[in-house]
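Structure assessment
Listed below, chain by chain, are the residues.
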Amino acid sequence: MDYSASSSYESKSITTLRLQYMKQSGIKIVCLTAYDALISKIFDECGIDVILVGDSLGNIVQGNETTLSVTLEETIYHTKAVVKGAKRPLIIADMPFMTFQVSADEAFRNAGRIMKETGCAGVKLEGASENILQGISRMTESGIPVMGHLGLTPQSINKFGSYKARGKEEKEAEKIYNDALKLQEAGAFSIVLEKIPSELGKKITESLSIPTIGIGAGPYCDGQILVYTDMLGLTVDFNPRFVRRYARLNDEIKLAVKNYIEDVKNQDFPSIEESY
Ligand code: KIV
């Protein structure tokens, strides 16, 4: 089936309401990250439902070990570009570390800046502490749609100590489950579940009326998300079980660039036909 914007499948812009309908109708929600207009335009043309300007940009674009150093200004810069590239997908910006944890007021103000300055459709943030829940309530009451994020939350890497799966022990599984209910109660329109057992993903998905988006959370979630550079095989040194590679662009780029180098060195490029 052709899911692209030009097909009859769905040409209107995706809204949070549409995601709700998709959950109720059992239509899977397909999401990818993007960090620039070039890529978001391609994903739009393919029919992607949701684009997340993830703070994974800290790893992917900036080459950092963690996501912690991403700033509000950098998120705004990349989200603006992604918004320019895509029309149909719902575009969500990830709130960077320490832009929403300090107080509900600060979270609210920063989310407002992201929305106003980028034109995106909502924000995502990790965790469900009291402060964060208050911030989410303020945002949703004022028209800022919020996506939650539970399970492995990369901004807490220094607390977790590793990127291993979360919620394997009963106590932690129960906390993740209860946090999901609290996020829904606070007004979140959707929740990303990262690297948790499939059975926990299933239980949360069945208990919530809002859609769950899994990344390493099994097949029962209402939707799936992957970091685009992983699924396209641009990144090759990150190989968790949950990544399926749909292309090997790293190899393809290397082959193309090596051929270009060879052609220029051998004076095969440019040819007379490629000159003025
Ligand atoms: O930052 C990101 O890319 C994310 C996704 C992995 C869900 O949070």
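Because the structure is predicted, anything quoted here is derived from the model rather than measured.

The rules behind these values
- Residues numbered from 1 in each chain as written.
- Predicted model: local features only at pLDDT ≥ 70, side-chain atom pairs only at ≥ 80, totals over all residues.
- Heavy atoms only, no water.
- Near = heavy atom within 4 Å.
- Polar contact = N/O pair within 3.5 Å; in protein donor to acceptor, adjacent residues only side chain to side chain.
- Areas by Shrake-Rupley, 256 points an atom, 1.4 Å probe, with all protein chains shown as cover.
- Helix = DSSP H or I, 4+ residues; strand = E, 2+ residues; numbered from the N terminus.
- Buried < 20%, exposed > 50% of the residue type's maximum accessible area, 1.4 Å probe, protein only.
- Contact = heavy atoms within 4.5 Å.
- Pairing = 2+ DSSP bridges.
- Axes fitted to C-alpha atoms, helices over the stretch in contact; angles between N-to-C directions.
- Core = buried A, V, L, I, M, F, W, Y, C linked by side-chain atoms within 4.5 Å.
- Patch = residues over 30% accessible without salt bridge, like charges linked within 9 Å, V, L, I, M, F, W, Y side chains within 5 Å.
- Salt bridge = Lys/Arg side-chain N within 4 Å of Asp/Glu carboxyl O.
- Lys, Arg positive; Asp, Glu negative; His and termini not counted.
- Charge placed at Lys NZ, Arg CZ, Asp CG, Glu CD.
- Domains from an automatic or database assignment.
- Buried area = accessible area lost by both parts, 1.4 Å probe.
- Nonpolar A, V, L, I, M, F, W, Y, C, P; charged D, E, K, R; others polar.
- Phe/Tyr/Trp six-rings, centres within 6.5 Å; stacked < 30°, edge-to-face > 60°.

**Overview of the site of the ligand**
With respect to spatial proximity, the complete set of residues near the ligand consists of Thr 33, Leu 52, Gly 54, Asp 55, Ser 56, Asp 94, Lys 124, His 149, Val 192, Ile 215 and Val 227. Asp 55 places a polar side-chain atom, nitrogen or oxygen, 3.0 Å from an oxygen atom of the ligand. Within the contact set of the ligand, an oxygen atom lies 3.1 Å away from a side-chain nitrogen or oxygen of Lys 124. About the coverage of the ligand: the protein hides 96% of its 260 Å² of free accessible area.

**Observations concerning unusual backbone geometry**
Each neighbour pair has its own omega, and for Phe 269 with Pro 270 the value is -5°, a cis peptide bond. With respect to the helices and strands, Pro 270 occurs in the segment after helix 11 (249-265). Positive phi, normally seen in glycine, also occurs at Lys 195, with a value near 50°. Looking at the element boundaries, Lys 195 is found in the loop between strand 6 (190-194) and helix 9 (198-207). Positive phi, close to 60°, is recorded for Gln 267, a residue that is not glycine. Looking at the secondary structure, you find Gln 267 in the segment after helix 11. According to the relative accessible area criterion, Gln 267 is exposed, its value standing at 71%.

**Some words on the side chain of Arg 166**
Relative to the helices and strands, Arg 166 resides in the loop between helix 7 (157-160) and helix 8 (170-186). Of note is the side chain of Arg 166, whose polar atom sits 2.9 Å from the side chain of Glu 172. With sequence-adjacent residues up to four places away left out, Arg 166 is seen in contact with Gly 151, Leu 152, Phe 160, Glu 172, Ile 176, Lys 195, Ile 196 and Pro 197.

**Some points on the sheet that holds strand 2 (residues 50-53)**
Backbone hydrogen bonds are what pair the strands of a sheet, in a parallel or an antiparallel way. Pairing within the closed barrel is parallel, and its 8 strands lie in the order 1-2-3-4-5-6-7-8. If you compare each strand with its neighbour and ignore which way they point, the axes differ by 25° on average. Pairing analysis gives 2 bridges linking strand 7 (residues 212-215) to strand 8 (residues 223-226), with the strands arranged parallel. Looking across to strand 8, one finds that Gly 214 is bridged to Gln 224. Of the strands in this sheet, strand 2 and strand 3 (90-94) touch helix 4 (residues 72-85), which is tilted by about 170° from strand 3.

**Observations concerning the nonpolar core**
Met 139 and Ile 204 are the most contacted members of the largest nonpolar core, which totals 55 residues. Residue contributions to this core peak at 6 residues, all from helix 8. When residues no more than four places from it in sequence are discounted, the contact partners of Met 139 are Met 95, Ala 107, Phe 108, Ala 111, Val 123, Leu 125, Ile 144 and Val 146. In terms of nonpolar packing, the next biggest core, distinct from the first, is built from 15 residues, Ile 29, Ile 213, Ile 215 and Ile 225 among them.

**Comments concerning a negative patch on the surface**
On the surface, Glu 262, Asp 268, Glu 273 and Glu 274 cluster together into a patch of negative charge. Counting through the fold element by element, Glu 273 comes out in the segment after helix 11.

**Here we look at the pairing of strand 8**
Two strands pair when backbone bridges link them, and strand 1 (residues 29-33) and strand 8 are joined in this way by 4 bridges, in the parallel orientation. Among the inter-strand pairings, Leu 32 is bridged to a residue of strand 8, identified as Leu 226.

**As for the domain arrangement of the chain**
By the assigned domains, the chain splits into domain 1 (3-245) and domain 2 (248-276). Relative placement of domain 1 and domain 2: their C-alpha centres are 38 Å apart. Contacts between domain 1 and domain 2 engage 5 residues on the former and 4 residues on the latter. By the criterion of area lost to domain 2, the three top residues of domain 1 are Leu 232, Leu 234 and Arg 245, representing 73% of everything that side buries. Where domain 1 meets domain 2, there are 3 residue pairs in polar contact (both at pLDDT 80 or more). For the side of domain 1 that touches domain 2, the per-class residue count stands at 3 nonpolar, 1 polar and 1 charged.

**Concerning the packing of aromatic side chains**
Applying the stated criterion across every chain, the model contains 4 aromatic pairs. A centroid spacing of 5.9 Å and a plane angle of 40° characterise the contact between Tyr 35 and Tyr 228, whose relative ring orientation is tilted. Of this pair, Tyr 35 sits in the loop between strand 1 and helix 2 (37-46) while Tyr 228 sits in helix 10 (residues 228-231); the two residues are 193 residues apart in sequence, bridging distant segments of the chain. Looking at Tyr 228, the relative accessible area reads 8%, which means it is buried. Between Phe 43 and Tyr 228 the ring centres are 5.5 Å apart and the planes differ by 75°, which places this aromatic pair in the edge-to-face class. Of this pair, Phe 43 sits in helix 2 while Tyr 228 sits in helix 10; the two residues are 185 residues apart in sequence, bridging distant segments of the chain. Across the pair, exposure class does not vary: Phe 43 and Tyr 228 are buried alike. Among the aromatic side chains, those forming a connected cluster through ring pairs are Tyr 35, Phe 43 and Tyr 228.

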